[in-house]
Each structure stands twice: as C-alpha cells, then as structure tokens.
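Here's the letter readout for the chains.
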Amino acid sequence: MKFELKWALIILCIVLLSLIIPFTLLTNLATWYGSFLFWIVMTVVVICTNLYITKDWGK
C-alpha cells in the first residue's frame, strides 16, 4: 500500500505543478509557447512515471 500512496502523491504533485506554474510563473510571457513547452515537458514526465509504475503490472 505504501508504494501506491507514494506514487499517487507524486502524480498529484505533477498535476498541481502543471496547473500552478503556467498560470503563475509563466503568465508574464508574451508568447504562447512558454506554457505549451512546459505542458509538453510535464506530459513526458507523466508518461515516464506511468511507465515506471506499471512496468511490473503483470507480475
């Protein structure tokens, strides 16, 4: 149970950072690609995290 709780908290932090950072720290960027690039990077982080969590799914 502890393994799942740890990863659930990590994913929650990733989701919160994906919402908070673009709308607070990146709001003063005059270009659209600042937040867009950030969300792409966060998407890759989430995909890698999910791959790591589910690598032993069938075992």
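All of these numbers come straight from a predicted model, not from anything done at the bench.

Caption draft 1: Quick peek at the packing of helix α1 (residues 2–24) against helix α2 (residues 33–53). At their nearest, the axes of α1 and α2 sit 10 Å apart, and the two run at 175° to each other. On the basis of their axis angle, the class for α1 and α2 is roughly antiparallel. Along its contact with α1, which presents Trp7, Ile11, Ile14, Leu17, Ser18, Ile21, Pro22 and Phe23, the element α2 presents Ser35, Phe38, Trp39, Met42, Val45, Val46, Thr49, Asn50, Tyr52 and Ile53. In terms of residue class, the contact of α1 with α2 is made up of 14 nonpolar, 4 polar and no charged.

Caption draft 2: Broad picture of the side chain of Ser18. Inspection of the secondary structure assignment puts Ser18 in helix α1. A relative accessible area of 12% means that Ser18 is categorised as buried. A distance of 2.9 Å separates a polar side-chain atom of Ser18 from the backbone oxygen of Ile14. If we skip the residues at most four places from it in the chain, Ser18 touches Phe38, Trp39 and Met42.

Caption draft 3: Looking closely at α2. Relative to the 30 Å expected for 21 residues at 1.5 Å per residue, α2 spans 30 Å between its end C-alpha atoms, a close match to the ideal helical length. Taken together, the buried positions of α2 are Gly34, Ser35, Phe38, Met42 and Thr49. With its buried residues spanning 80° around the axis, α2 presents them on a single face. Summarising the geometry of α2, the exposed residues directed more than 90 degrees from the buried face are Tyr33, Leu37 and Leu51. The inward-facing, buried residues of α2 contact α1.

About the cut-offs
Residues numbered from 1 in each chain as written. Predicted model: local features only at pLDDT ≥ 70, side-chain atom pairs only at ≥ 80, totals over all residues. Heavy atoms only, no water. Axes fitted to C-alpha atoms, helices over the stretch in contact; angles between N-to-C directions. Helix = DSSP H or I, 4+ residues; strand = E, 2+ residues; numbered from the N terminus. Parallel < 35°, antiparallel > 145°, perpendicular 65-115°, else oblique. Contact = heavy atoms within 4.5 Å. Nonpolar A, V, L, I, M, F, W, Y, C, P; charged D, E, K, R; others polar. Buried < 20%, exposed > 50% of the residue type's maximum accessible area, 1.4 Å probe, protein only. Polar contact = N/O pair within 3.5 Å; in protein donor to acceptor, adjacent residues only side chain to side chain. Expected span 1.5 Å × (residues − 1). Arc of directions from axis to C-beta.

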